Amino acid sequence: MRLGIKVGAAAVLVVVGAVGAGWFLLGEGLDRAEKWVSIVGVCVSTAMSAGGLLLGLLTWQQTRADSRAARSVTARGAGAVGVGGNSGAEIRTDVSGVAVPMSLPPGGVAGVYAGGTGSVAVGGDSTAPISTRVTGADDRQRP
């Protein structure tokens, strides 16, 4: 069943329900109709509150699970970039004329490793600009 048909059917059911509820309340009189509306309002409010609490709990658990997940990030090679999460910032590398390898132990902090001149490895979400610039003579490329 397509989404348009589902939405249309739901809209028709809501309109029919509202018309039916209005017709029922018209026959009850003002005092009794007010009591019915109060009872239904409390039930709807309680259900919506429970749904909101459940949604908040599920979101909170998902966020905690994502933050506890082990992130193994490796950036190898000159100017390589690795981000173990979302990056909303600009990351730039500019490597020219230097080929000095970095001697960091693999696995670093929480599985984060940057192995290469001007390389960057981030073991979490990056919220700030990251820029590397390495310049100089390349001794290994000369004859």
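Residues numbered from 1 in each chain as written. Predicted model: local features only at pLDDT ≥ 70, side-chain atom pairs only at ≥ 80, totals over all residues. Heavy atoms only, no water.

**Q** I'm lost on the overall build of the protein chain in this one. Help?
**A** Scanning the protein chain from terminus to terminus reveals 2 helices and 6 strands. Within the protein chain, buried positions represent 19% of all 143 residues. For the protein chain, the share of sequence-separated contacts (at least 6 apart) that also reach a separation of at least 24 residues comes to 63%. Carbon and sulfur atoms provide 64% of the accessible area of the protein chain, an area that totals close to 10,600 Å². (Helix = DSSP H or I, 4+ residues; strand = E, 2+ residues; numbered from the N terminus. Buried < 20%, exposed > 50% of the residue type's maximum accessible area, 1.4 Å probe, protein only. Contact = heavy atoms within 4.5 Å. Areas by Shrake-Rupley, 256 points an atom, 1.4 Å probe, with all protein chains shown as cover.)

**Q** Explanation requested: a nonpolar patch on the surface in the structure shown.
**A** Residues F24, W36, V40, V44 and M48 make up a contiguous nonpolar surface patch of about 500 Å² in total accessible area. For F24, the location among the structural elements is in helix α1 (residues 3–26). (Patch = residues over 30% accessible without salt bridge, like charges linked within 9 Å, V, L, I, M, F, W, Y side chains within 5 Å. Salt bridge = Lys/Arg side-chain N within 4 Å of Asp/Glu carboxyl O.)

**Q** Just to check I follow, could you spell out the confidence of the model for the protein chain for this structure?
**A** Detailed conclusions should not be drawn from predicted coordinates in areas where pLDDT is low. On average, the protein chain scores 78 in pLDDT, and the residues at 70 or more come to 74%. Across the protein chain, element-level confidence peaks in α1 with a mean pLDDT of 93 and bottoms out in strand β4 (residues 112–115) with 71. (pLDDT = per-residue confidence, 0-100.)

**Q** Help me understand the pattern of salt bridges in this model?
**A** Between side chains of opposite charge, a pair can form when the charged atoms approach closely. For the coordinates displayed, the defined rule picks out 2 salt bridges. The shortest N-O distance in the salt bridge between R32 and E28 comes to 2.9 Å. Across the salt bridge formed by K35 and D31, the nearest N and O atoms sit 3.5 Å from each other. Taken together, the residues span about one helical turn, with K35 and D31 both in helix α2 (residues 30–68) at a distance of 4 residues. For D31, a relative accessible area of 49% translates into the label partly exposed.

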